[in-house]
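Observations on the three-dimensional arrangement
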Amino acid sequence: MTRLYPAIAVLLLIHVGGCVSHAARSPITTTAKATASAASLAAPSSPVAAPVPATRAPSAASESASDAEEGIHKIAHVVIIMQENRSFDDYFGTYPGADGIPMRDHVPTVCAMDPRAGRCLPPYHNPKDENSGGPHSMEAALMDIDGGKMDGFVKALRKSVSRVCEDPNLPNCVRLRGEPDVMGWHDAREIPNYWEYAGNFVLQDHMFEPTMSWSLPSHLFMVSAWSAACTDPQVPASCNDKDAQFPWTKKHVLADRGTTELYAWTDLTYLLRKHRVSWAYYLSEGMAPDCADDEVTCVRRGQRLHVPSIWNPLPNFATVHNDHQLENIRPLDNYFEAANNGTLPAVSWIVPNDTVSEHGPASIHAGEAYVTRLINAAMQGPEWKSTAIFLAWDDWGGFYDHELPPKVDGNGYGLRVPALVISPYAKQGFIDHQILSFDAYLKFIEDDFLNGQRLDPKSDGRPDPRPTVREDVGILGNLVEDFDFSQPPRQPLVLEPDAQPGPASEPCAIEKNCGAVPLGKEGKGAASKPAHARRA
């Protein structure tokens, strides 16, 4: 199969200072750029971005609002595939047309100070299949962001590796193999299928993790738009998000003894059942972290269907127990059967096991092959023409990203992650610049299947004290913008899971002595002015 990388079509190669440089590239379709004002984002001295006013830029969709509202109902099956621990710049920082790593003449103009080496490390092409990454707790996020300079990634890593830990999936645990690799980036040479999907469907270059934290809070947001701790698992009013990074109480220790209802607030499955909308949470059983408290170390246990873990939080929700829907948490084999038989539920979440998660130090190739098989199954099934696949990574994994996250409430947003939309109605080769988070997935599902009902304490029938109705945040984009429902459904793009490497995106960046622009001993981090503002 001929690979399509429309944005990497090189017209002329010239030698510049011993490096190969692109002279021109073919254009790529993009959305209208976000118009949030620079004043609505954090000042450089602030550790996180300032609150953004609840305003929305005019829609750039080609369809009218009524056409879009009607078109969304062509999607009868939403499949959310959630992988692990990658930043946008790590996977798509050199994708042409995207808001990627700042460069001049294909050389990075940003870096992160390494306090041990005493020099500033620039982003670089990393050909290795296994990466260590860095810490990804809230503490690490604040250190990475460094008051808006986005230059603390190596410092956070150096601080973390001094700790003794047994489980690399926990937020402050890093098993460093050799030199730091948090500044590394990959392209079609390592992840050819992901770049192929980007070239043929939709790449979202402003998808932010919904919370500035690690896997468990991120997965809680994925299914409920909140992360909190509750003193009574049956009383939503008992929940608060003062420590959303570790949203459990000491009762979590009892989880393996049968007391699994810990999260009392309202999640999306409650609304789905209320509206008689089918759902399933498909789990790749295997190894996954499952610590019962906030310690850095724990004994690793198996990831099983009805046993709560950081990647499988639904067994902890009171709603899932009260509604007798634990059986909706199913083994991954059931997904392949449903896709093949044409019996997919309306809403599916799919989470990996450790081996195929892409969470450092897991193999990138193994993860991409697993995701490709998931997508192929949907494409080759009888329901492809009514399916939308949303692929994302749950948090940044400590890897470098240059974009300052906007702040919508006390929990987030967190750092950028890669995200793709794959559907027969997805626009082709389209880069979506809207500001997004996983809340946009919930919003799409609610608009498609629930008549726009939100996880809103004032109207959902099960009030909880969440501070924000995340789906209605003013700056949150609309995933409808990524579709053209007027086009005939596109044919499947079935890819080989064991894909061959694709072309290089930045030849200069892999040549010897072609690293960062000289920055001096103290170095110079990313521009403190947010990229949102730089584009305005």
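Please read all numbers here as calculations on a predicted model, not as lab measurements. (Residues numbered from 1 in each chain as written. Predicted model: local features only at pLDDT ≥ 70, side-chain atom pairs only at ≥ 80, totals over all residues. Heavy atoms only, no water.)

**A look at helix α11 (residues 439-449)**
What counts here: Note on exposure labels: buried denotes an accessible area under 20% of the residue type's maximum, exposed denotes more than 50%, and partly exposed covers the range between, all computed with a 1.4 Å probe on protein chains only. Think of it this way: any DSSP run of H or I at least four residues long counts as a helix, any run of E at least two long counts as a strand, and we number them from the N terminus.
Within α11, ten of the eleven residues are buried, leaving the element largely enclosed by the surrounding structure. Of the residues making up α11, those classed as buried are Asp439, Ala440, Tyr441, Leu442, Lys443, Phe444, Ile445, Glu446, Asp448 and Phe449. Downstream of α11 by a residue or two, asparagine 451 has a phi angle that is positive, lying close to 55°.

**With respect to the confidence of the model for the protein**
Rules: Per residue, pLDDT captures the predictor's confidence, and it can take any value from 0 to 100. Contacts are assigned to residue pairs with any non-hydrogen atoms lying within 4.5 Å of each other.
Per-residue confidence for the protein gives a mean pLDDT of 81; residues scoring 70 or more make up 72%. Every residue in residues 289-298 is under pLDDT 50, and counting partners more than four places away or in other chains gives 32 contacts. The model gives residues 509-536 a pLDDT under 50, and that stretch makes 66 contacts with residues more than four places away or in other chains.

**Some points on the packing of aromatic side chains**
The line we're drawing: The aromatic pairing rule takes the rings of Phe, Tyr and Trp, using the six-membered ring of Trp, and pairs them if the centres are within 6.5 Å, calling planes under 30 degrees apart stacked, those over 60 edge-to-face and the rest tilted. Lysine and arginine charges are scored as sitting over a ring when NZ or CZ, respectively, is within 6 Å of the ring centre and within 35 degrees of the ring normal.
Taken as a whole and judged by the stated rule, the model has 24 aromatic pairs. Aromatic pair phenylalanine 483 and phenylalanine 485: ring centres 5.1 Å apart, planes at 5°, arrangement stacked. No difference in accessibility class separates phenylalanine 483 from phenylalanine 485, as the two residues are buried. In this structure an aromatic cluster arises from ring pairing among Phe390, Tyr425, Phe438, Tyr441, Phe444, Phe483 and Phe485. Above the plane of the ring of phenylalanine 430 lies lysine 427, whose end atom (NZ or CZ) is 4.6 Å from the centre.

**Some details on the pairing of strand β21 (residues 419-422)**
Selection criterion: Paired strands, in this sense, are two strands between which DSSP finds at least two bridges.
Residues Ala419 and Val421 point to one face of β21 and Leu420 and Ile422 to the other, with burial holding for every one of them. Here strand β20 (residues 387-393) pairs with β21 via four bridges, running antiparallel. Opposite alanine 392, over in β21, you have alanine 419 as the bridge partner.

**So, the nonpolar core**
The line we're drawing: What makes a nonpolar core is a set of buried Ala, Val, Leu, Ile, Met, Phe, Trp, Tyr and Cys residues whose side-chain atoms join them at distances within 4.5 Å.
Counting 112 residues, the largest nonpolar core has Phe92, Tyr335, Trp349, Phe390 and Tyr441 as the members making the most contacts within it. When residues in this core are grouped by element, the largest group, eight residues, is from helix α10 (residues 364-380). Not counting the four nearest positions on each side in its chain, phenylalanine 92 is found in contact with Ala98, Tyr194, Trp195, Ala198, Leu203, Pro418 and Leu420. Listed in part, the 18 residues of the second largest apolar core include Phe153, Met183, Leu404 and Leu415.

**So, the pairing of strand β19 (residues 347-351)**
Summarising burial for β19: five of the five residues are buried, a large majority. Along β19, one buried face is formed by Val347, Trp349 and Val351 and the opposite face, lined by Ser348 and Ile350, is buried too. Sheet topology note: the strand β4 (residues 77-83)/β19 ladder contains four bridges and is parallel. The partner of valine 78 across the bridge, within β19, is valine 347. Relative to β19, strand β15 (residues 279-283) is paired through five bridges, and the arrangement is parallel. Looking at the pairing, tyrosine 282 lines up with isoleucine 350 of β19.

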